[in-house]
Structure formats: structure tokens, C-alpha cells
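Chains, contacts and geometry: an overview
The primary structure of each chain is shown beneath.
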Amino acid sequence: MIHGHITAWVLALILFVVALLLHKGGKAKGFKIVQMILRVLYLLILATGIGLLFSVYKIDVWYILKAVVGIWIIGLFEMILGRVANNRRTSVFWIQFIIAWILVLYLGFEKLPMSFLNP
Ligand code: HEM
């Protein structure tokens, strides 16, 4: 479950960058396709994340926070790509993006116990 979760969000992050590059290159059709694939990945991230939550013996506030920040990141992926597609400002969302990633990596790898880094 944890590996599926990590695979899903790593893939999503890569495709997010691919989508931004496609947009920069003026490839609107490619951008749309990658955006669609990303939406499927969001569901996978959510499903594996919820699966992980269910495998936790006692859910505390850090798990809730981890889940909320995870959902926040998914929202930001979607917001940033949506606004980029319409050529609107994204700076406010990029700031959130950086904060949310720092939080999620800290919570996921450091704070919460199920790390694949220290099994
Ligand atoms: C893009 C969004 C997300 C990112 C980048 C992310 C990142 C991570 C990372 C880095 C870990 C730790 C993996 C490890 O320790 O080996 C993790 C674990 C976890 N994630 Fe996510 N996650 C995201 C979305 C979600 C969502 C939406 C949920 C729940 C609805 C969720 C729930 C969990 C749970 C319960 C764990 C296990 C925590 C533990 O005990 O170590 N995640 N995630």
C-alpha cells in the first residue's frame, strides 16, 4: 500500500511537470491528455492514502493533518494546471505548493511511522 501510494504521487508529480512543459511548448492537446491521466492518478493517491489510513491502528491528529495536506496538494495540482491553461496568475498557488510539499514530506517520512525509509 505504501509503495503504491508513493508510486502514485511520484508519477503525478512527474506528469504535473510534463503538463507544464507541454503548455510552455504550446501543445494544448497533449496538455489536456496529461491532465486527464493526472485526474486518474489523483484518485489512486486518494484511494491508497485512505487505504493507509484504514491500516492505522489508532489515527491521531498527525494522520488527519497528513491526509488534509495530501488533499491540499491534489487541489493545488488541479488549480495550478487549470489557471496555467487559462493564462492566469499562479504565484499564490506556487507558494502554497512549496509549503504543502514541505509539510507532506515531513509528515509522511519523518513524523508518521509507516516509513519505507525505516521499516
Ligand atoms: C499528492 C498528495 C500526497 C503526497 C505527496 C503524499 C506523500 C506521502 C508520503 C511522503 C508518505 C510517507 C511514505 C513513507 O513513509 O514511506 C505518505 C504516507 C501516507 N499518506 Fe500520503 N501523500 C499524498 C496524499 C495523501 C492523501 C490524499 C491521503 C489520505 C486521504 C494520504 C494518507 C497517507 C497515510 C495514511 C500515510 C501513512 C503515514 C505513515 O504512517 O507513515 N496521503 N504520503
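To be clear, the structure that these remarks concern was listed above.
Here's a quick rundown of the structure. (Residues numbered from 1 in each chain as written. Predicted model: local features only at pLDDT ≥ 70, side-chain atom pairs only at ≥ 80, totals over all residues. Heavy atoms only, no water.)

Let's shift gears to the coordination of the iron atom of the ligand. Ligation of the iron atom of the ligand by protein atoms is provided by His-5 (NE2) and Lys-66 (NZ), these donors lying 1.9 to 2.0 Å from the ion. Of note is the iron atom of the ligand, whose six donor atoms meet at the metal with angles of 83 to 177 degrees in an arrangement that counts as octahedral. You can see His-5 sitting in helix α1 (residues 2-24) and its partner Lys-66 sitting in helix α3 (residues 61-85), a full 61 residues away along the chain. Of the residues examined, Lys-66 reaches a relative accessible area of 18% and is grouped as buried. (Donors = N, O, S within 2.8 Å, 3.2 Å for Na, K, Ca; no water. Tetrahedral: all angles 85-135°; square planar, octahedral: opposite > 155°, others 65-115°. Helix = DSSP H or I, 4+ residues; strand = E, 2+ residues; numbered from the N terminus. Buried < 20%, exposed > 50% of the residue type's maximum accessible area, 1.4 Å probe, protein only.)

Time to look at the packing of aromatic side chains. A ring pair, where both rings are aromatic, is described by two values, the distance of the centres and the angle of the planes. According to the stated counting rule, one finds 10 aromatic pairs in the structure shown. Consider the rings of Tyr-42 and Phe-77, whose centres lie 6.1 Å apart with planes at 10 degrees: the pair is stacked. Residue Tyr-42 is located in helix α2 (residues 28-54), and its partner Phe-77 is located in helix α3; the two are separated by 35 residues in the primary sequence. The pair Tyr-42 / Phe-77 is uniform in exposure class, with both members buried. Among the aromatic residues, ring-to-ring pairing joins Trp-9, Phe-16, Tyr-42, Phe-77, Trp-94, Phe-97, Trp-101 and Phe-109 into one connected group. Here Lys-111 stacks its cationic end above the ring of Trp-62, 4.4 Å away from the centre of that ring. (Phe/Tyr/Trp six-rings, centres within 6.5 Å; stacked < 30°, edge-to-face > 60°. Lys NZ or Arg CZ within 6 Å of the ring centre and 35° of its normal.)

Within the fold, Thr-90 resides in the loop between α3 and α4 (91-111). Judged by its relative accessible area of 13%, Thr-90 falls in the buried class. Not counting chain neighbours up to four residues away, the residues in contact with Thr-90 comprise Ile-80, Arg-83 and Val-84. (Contact = heavy atoms within 4.5 Å.)

Applying the stated criterion across every chain yields a total of one salt bridge. Note that Arg-39 and Glu-78 form a salt bridge whose closest N and O atoms lie 2.7 Å from each other. With Arg-39 in helix α2 and Glu-78 in helix α3, this residue pair connects regions lying 39 residues apart in the sequence. (Salt bridge = Lys/Arg side-chain N within 4 Å of Asp/Glu carboxyl O.)

Within the fold, Leu-43 resides in helix α2. When the C-alpha atoms of Leu-43 and Ile-2 are compared, they prove to be 15 Å apart, with 41 residues separating the residues in sequence.

Here the focus is α4. Between its first and last C-alpha, α4 extends 29 Å over 21 residues, near the 30 Å set by a 1.5 Å rise per residue. All of the buried residues along α4 are Phe-93, Phe-97, Ala-100, Trp-101, Val-104 and Leu-107. Projected onto a plane normal to the axis of α4, the buried residues spread over an arc of 145 degrees and lie on a single side. Away from its buried face, by an angle of more than 90 degrees, α4 presents the exposed residues Ile-95, Ile-98, Ile-102 and Glu-110. Of the surrounding secondary structure, the elements contacted by the buried residues of α4 are α1 and α3. (Expected span 1.5 Å × (residues − 1). Arc of directions from axis to C-beta.)

Relative to the helices and strands, Trp-72 resides in helix α3. Considered as a pair, Trp-72 and Ala-100 are 28 residues apart in the sequence and their alpha carbons are 7.3 Å apart. For Trp-72, the residues in contact, after removing those within four places along its chain, are Gln-96, Ile-99, Ala-100 and Leu-103. Here Gln-96 takes part through its side chain, which lies 3.0 Å from a polar atom of the side chain of Trp-72. (Polar contact = N/O pair within 3.5 Å; in protein donor to acceptor, adjacent residues only side chain to side chain.)

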